[in-house]
Amino acid sequence: MFGYRVPAPDQAMLISGGKPGRTNAPFRVVTGHGAFVMPVFRKVRYLTLAMNEAEVGEVCVTKQGISLNVRAVIAFKVGNDEESIVNAGQRFLSDQDQMAILTGRIFAGHLRSIVGSMTVEEIVTERQKLATEVLEGSKAEMATIGLTVDSLQIQSIDDMKIGYIAAMSAPHNAAIQQAASIAQAQANQLAAQAEQDSQRKQAEYGRQTAIVRAQYKAEVDKAQAEAAQAGPLAEAQAQRQVIAAQTELAQREAELRQQQLVTEVVRPAEAEAERVRLLAEADAAKMRVQAEAAASNNRVALDRMLIDQLPLIVREAAQGLAGANVNILNGADGLGEIAAGLVSQGLAILESVRKGVAMSDKPTSTPSQDLEPAE
């Protein structure tokens, strides 16, 4: 719209040519909104509210009389209130660059004043204190010209190669270097220990790995060896079983053969021996009967005939014994008992015959006549 003006966000619009404002300023201040300006009758100017910067480099003498070159940077701007804008507009509206120059001069003076009340050690070690005191000292003057300071930074402090600051810092540098050397030595020691620990752990891991591998290999070799020996071991086991069976069979065959030998050889031999003994006893009995017959005058012929028949009877009984499978329980005593029984039977038979002959004998008969038919 014709005659309507709007200032930028970082500007204050100053309208002159009308009635004075509330602060009796020669112009009206408009910020943050627009205003209608009558052409020809009103004039509009703009004052920057943006941040400005001023640098200060000043040679200052300390409380100790030592010259220091102090450099600082000031960040400032026009205040946001109407009074500050009016004060700044009246001083800098026609040449706004003068704000930085004047600000630098103001701070240079206060900087020299504050540095002169401090020692080098305080200035070097307490820079924030220096900046705070400079700000406090310049605040009233800056407010008078409508400016506010946002920050003050001390960039550098130089003794202009006198060597005072370097000498002051020498013990600290030595201590710091010593601490740095100690820290470096400790770091190197820790690094060496860490390297040794790492190597030791690697060696231990390698040893454990080698042991595990050896154990695995031993188990694999053992399994392979067992697998390779399984066939021969099974064959050997089978052979042992066969040999054991053959041994048992041979033992049984030997026992059977021994029983056969007892049956086929020992027992017939024992029976033959018993037969011979029986024959001997029969012969003895014959001798005894012959003796008895010789002593008897009445029965000589009969007794001789019976005596001659007695060995035949005993021999027949002995032959029957030789062909029989007789179990001898008491060894030689048993054989003696059998032989005695045979002789007793023979004698009993002989006695029975004699009695029968005696009962049937008549006075006219003779033994030879009665026995001839028997022949």
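Residues numbered from 1 in each chain as written. Predicted model: local features only at pLDDT ≥ 70, side-chain atom pairs only at ≥ 80, totals over all residues. Heavy atoms only, no water.

## Some words on the overall build of the protein chain
Here is step 1 of the chain: The number of helices and strands found in the protein chain is eight helices and eight strands.
Here is step 2 of the chain: When burial is assessed residue by residue, the protein chain has 26% of its 375 residues classed as buried.
Here is step 3 of the chain: Relative to all contacts within the protein chain whose residues are 6 or more apart in sequence, the contacts with residues 24 or more apart total 72%.
Here is step 4 of the chain: Carbon and sulfur atoms form 54% of the exposed surface of the protein chain, whose accessible area is close to 24,400 Å². (Helix = DSSP H or I, 4+ residues; strand = E, 2+ residues; numbered from the N terminus. Buried < 20%, exposed > 50% of the residue type's maximum accessible area, 1.4 Å probe, protein only. Contact = heavy atoms within 4.5 Å. Areas by Shrake-Rupley, 256 points an atom, 1.4 Å probe, with all protein chains shown as cover.)

## With respect to helix H4 (residues 127-144)
Owing to its 3.6 residues per turn, the α-helix brings residues three or four apart onto one side.
Here is step 1 of the chain: Here H4 spans 26 Å end to end across 18 residues, near enough to the 26 Å set by a 1.5 Å rise per residue.
Here is step 2 of the chain: What H4 keeps buried is the set Leu130, Ala131, Val134, Ser138 and Met142.
Here is step 3 of the chain: Its buried side turned inward, H4 meets strand E7 (67-78), helix H2 (98-116), helix H3 (120-125) and strand E8 (147-158). (Expected span 1.5 Å × (residues − 1).)

## Remarks on the confidence of the model for the protein chain
Here is step 1 of the chain: Per-residue confidence for the protein chain gives a mean pLDDT of 80; residues scoring 70 or more make up 77%.
Here is step 2 of the chain: Taken as a whole, residues 363-375 scores under 50 in pLDDT and shows seven contacts with residues more than four places along the chain or in a different chain. (pLDDT = per-residue confidence, 0-100.)

## Overview of the sheet that holds E7
Here is step 1 of the chain: Spatially, E6-E7-E8 is the arrangement adopted by the three strands of the open sheet, whose pairing is antiparallel. Of all strands in the sheet, those with a lone pairing partner are strand E6 (52-61) and E8, marking the two edges. Between one strand and the next, the sheet's axes are offset by a mean angle of 20°, whatever the strand orientation.
Here is step 2 of the chain: Note that E7 and E8 share 10 bridges and pair antiparallel. Bridged to Arg71 within E8 is Ser156.
Here is step 3 of the chain: Running at roughly 30° to E6, H2 makes contact with E6, E7 and E8 of the sheet. (Pairing = 2+ DSSP bridges. Axes fitted to C-alpha atoms, helices over the stretch in contact; angles between N-to-C directions.)

## Considerations on the side chain of Glu58
Here is step 1 of the chain: Note that Glu58 resides in strand E6.
Here is step 2 of the chain: A polar atom in the side chain of Glu58 sits 2.3 Å from the side chain of Arg112.
Here is step 3 of the chain: Among all residues touching Glu58, those that are not within four sequence positions of it are Leu68, Asn69, Val70, Ala108, Leu111 and Arg112. (Polar contact = N/O pair within 3.5 Å; in protein donor to acceptor, adjacent residues only side chain to side chain.)

## Some remarks on the sheet that holds strand E5 (residues 43-48)
Here is step 1 of the chain: A sheet is described by the order of its strands in space; here three strands give the open sequence E3-E2-E5, paired in antiparallel fashion. Strands with a single pairing partner mark the edges of an open sheet, and in this sheet they are strand E3 (27-30) and E5. Neighbour-to-neighbour, the strand axes of this sheet turn through a mean angle of 30°, independent of strand direction.
Here is step 2 of the chain: Relative to the sheet, helix H1 (residues 82-92) contacts strand E2 (11-16), E3 and E5, its axis offset from that of E3 by approximately 125°.

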